[in-house]
Amino acid sequence: MNAASRRRRTLPAVLTIAVLLALVAVTLGVWRPWSSTSSTAQVAGAGSAESVRIAPAPLVLPEHPSVLVFGDSWTYGSAASEPTLGYAYVLAELLDGATTVNGVRGSGYLKPGIDGPAFGQRIAALDPALAPDLVIIQGSINDREQGEAGYREAVNAAWDAMSAIYPEAQIVILGPAPHILPVGAGTARIDADLAALAAERGWWYISPIAENWITPENYLDVIDVDFGRRHPSTDGHRYLAERLAADLVEMGAAPVTVAGASESTSNQ
């Protein structure tokens, strides 16, 4: 067999192998059984080039700030000896300002509460004339069993509504604090989702989970597991208010950074 004949026989085989390799490559590119599609994996990639992350500006408050604290039963003051001893009320004393407290037990971004609707409807009913210097949106662990479907959309809609009602206010998101330890998967998912969504807006996000506000060592000092049904005790509420106030002060001292630049704060 001459060289020309060998080349004619070899060429179809080479083309066949090339086509097969291309098909394998395309298949692996679409179906990667070793890759995770869980929300945890998606959030872990939040710092990639595909995610927009905006560095939050330093928190600037007047000497005696007015603060709207919006949230669930923790904001309501559940399990404190009096609801007005809840963390949201104590915060006013620590900031030398005034707090307007809007807490509905059992409510979340998706879940209606015991004595009020879900966050979105509640925000729509707020008084625009309040004009707070700072809005703190707390929680909520109440969405931990609602699933992922529609959650981020509900959060974004609620935050858009809050921004529209109080366009001059600075907004800080206070993520869910664990009512049980170890932290449940649903609560951890909510914490990760809220952190990622706040980062996209350049809003400060406080994670009691990441900052270890509640640990096995102090759990029973903070959480009333009996009468309070796993809500903060009176002392626990004051402790939470102190941690929150300390973080707010730290945000005021935060350096100005360029969006996307590397930075290190206790809340990131």
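Residues numbered from 1 in each chain as written. Predicted model: local features only at pLDDT ≥ 70, side-chain atom pairs only at ≥ 80, totals over all residues. Heavy atoms only, no water.

Student: For this particular structure, what's the right way to read the overall build of the chain?
Tutor: Scanning the chain from terminus to terminus reveals 9 helices and 7 strands. Looking at the chain residue by residue over its 268 residues, the buried ones come to 42%. In the structure as shown, the chain presents an accessible area of about 14100 Å², 58% of it carried by carbon and sulfur atoms. (Helix = DSSP H or I, 4+ residues; strand = E, 2+ residues; numbered from the N terminus. Buried < 20%, exposed > 50% of the residue type's maximum accessible area, 1.4 Å probe, protein only. Areas by Shrake-Rupley, 256 points an atom, 1.4 Å probe, with all protein chains shown as cover.)

Student: Looking at this structure, I do not really get unusual backbone geometry. What am I missing?
Tutor: Glycine aside, negative phi is the norm for most residues, and most peptide bonds take the trans geometry. The amide bond that connects glycine 139 to the next residue, serine 140, takes the cis arrangement and shows omega of 10°. Looking at the secondary structure, you find serine 140 in the loop between strand S3 (134-138) and helix H6 (151-165). For the bond from leucine 181 to proline 182, the omega torsion is -5°, close enough to zero to count as cis. Mapped onto the secondary structure, proline 182 falls in the loop between strand S4 (170-174) and helix H7 (185-201). If you check the backbone angles, alanine 131 has positive phi at about 45° while not being a glycine. Mapped onto the secondary structure, alanine 131 falls in the loop between helix H5 (119-124) and S3.

Student: How should I be thinking about empty space enclosed by the protein in this particular structure?
Tutor: The rolling of a water-molecule-sized probe over the atoms marks out the regions of remaining empty space. Here the structure, examined in full by the defined rule, presents 2 cavities of 30 Å³ or more. Put simply, the largest cavity is a space of about 80 Å³. Surrounding the largest cavity, Trp74, Tyr87, Gln138, Leu174, Gly175, Ala177, Pro208, Trp213 and Leu240 form its lining. Of the residues assigned to the lining of the largest cavity, the class counts are 7 nonpolar, 2 polar and no charged. Empty space within the second largest cavity amounts to approximately 30 Å³. Asp72, Trp74, Gln138, Gly139, Ser140, Ile141, Pro176 and Ala177 are the residues that line the second largest cavity. Classifying every residue of the lining of the second largest cavity gives 4 nonpolar, 3 polar and 1 charged. (1 Å grid on protein atoms, 1.4 Å probe; cavity = no way out; pocket = protein on both sides within 12 Å on 5 of 7 lines; lining within 4 Å. Points joined across faces, edges and corners; volume = space filled by probe spheres on them. Nonpolar A, V, L, I, M, F, W, Y, C, P; charged D, E, K, R; others polar.)

Student: I tried to follow the nonpolar core on my own but got confused; where do I start?
Tutor: General note: in soluble globular proteins, nonpolar side chains tend to be found buried as a group. Judged by nonpolar contacts, the single largest core of 27 residues is most densely connected at Tyr87, Leu91, Ile136, Val172, Ile214, Leu244 and Leu248. Mapped by element, the contributors of at least two residues to this core are strand S1 (66-71), helix H4 (87-95), S3, S4, strand S5 (204-206), helix H8 (219-222) and helix H9 (234-252). Per-element accounting of this core gives the leading share, 6 residues, to H9. Once you skip the residues sitting within four places of it in the chain, isoleucine 214 turns out to touch Trp74, Ala177, Pro178, Leu181, Tyr219, Val222 and Ile223. Listed in part, the 25 residues of the second largest apolar core include Val135, Ala158, Ile165 and Leu197. (Core = buried A, V, L, I, M, F, W, Y, C linked by side-chain atoms within 4.5 Å. Contact = heavy atoms within 4.5 Å.)

Student: Where do I start with the sheet that holds S3 in this structure?
Tutor: Picture the strands of a sheet paired through backbone hydrogen bonds; they go either parallel or antiparallel. Across the sheet, which stays open at both edges, the 5 strands sit in the order S2-S1-S3-S4-S5 with parallel pairing between neighbours. Of all strands in the sheet, those with a lone pairing partner are strand S2 (98-103) and S5, marking the two edges. With strand direction ignored, the average angle separating the axes of adjacent strands in the sheet is 20°. As paired strands, S1 and S3 are joined by 4 bridges and run parallel to one another. Each residue of the ladder has a partner; that of valine 67, found in S3, is leucine 134. Taken strand by strand, H4 contacts S1, S2, S3 and S4, and its axis lies near 165° from that of S2. (Pairing = 2+ DSSP bridges. Axes fitted to C-alpha atoms, helices over the stretch in contact; angles between N-to-C directions.)

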